[in-house]
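Breakdown of the fold
So you can see what is in the structure, the chains are spelled out below.
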Amino acid sequence: MSESVGYPPQPNVPPARRVYSRTYRVWAHVLLWTPIALTVAGVVLGLGLFAAADADPTYGSSALGYLGLLAWGALAVLSPALLGSFITGLVMLNRTRR
């Protein structure tokens, strides 16, 4: 026996759009902008420490240059985690806008 006996044909309706919560959208922005802010702060801190070490001709200021190198080294070590967070936030934000 036929399946459609006595029933009208099914309408061709597109599936409903998924709605993301406010918390999901907030986390998308946090994951997107936190690595950007940390990277900018690290670069500015490193450059500021380099400039301070270069401006003072005494030998005691060389520690500031090493701290600048340490800041940039920390950025280099943390770059995979920062990049992963940035990409995850970008994907999440893209999903909420679709």
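These numbers come from a predicted model, not from an experiment. (Residues numbered from 1 in each chain as written. Predicted model: local features only at pLDDT ≥ 70, side-chain atom pairs only at ≥ 80, totals over all residues. Heavy atoms only, no water.)

**Structural notes on helix α2 (residues 62–97)**
Its 36 residues give α2 an end-to-end C-alpha distance of 49 Å, which sits within 8% of 52 Å, the value for a rise of 1.5 Å per residue. Where α2 bends most, the angle comes to about 55 degrees, and this point is L78, followed within four residues by the proline P80. For α2, the full list of buried residues reads G65, G68, A71, L75, L82, S85, G89, M92, L93 and T96. For α2, the elements touching its buried residues are α1 (22–55). (Helix = DSSP H or I, 4+ residues; strand = E, 2+ residues; numbered from the N terminus. Expected span 1.5 Å × (residues − 1). Bend = angle between axes of the 7 residues up to and from the residue. Buried < 20%, exposed > 50% of the residue type's maximum accessible area, 1.4 Å probe, protein only. Contact = heavy atoms within 4.5 Å.)

**Some details on a nonpolar patch on the surface**
On the surface, V26, W27 and V30 cluster together into a nonpolar patch covering about 270 Å² of accessible area. Of note, W27 is situated in helix α1. (Patch = residues over 30% accessible without salt bridge, like charges linked within 9 Å, V, L, I, M, F, W, Y side chains within 5 Å. Areas by Shrake-Rupley, 256 points an atom, 1.4 Å probe, with all protein chains shown as cover. Salt bridge = Lys/Arg side-chain N within 4 Å of Asp/Glu carboxyl O.)

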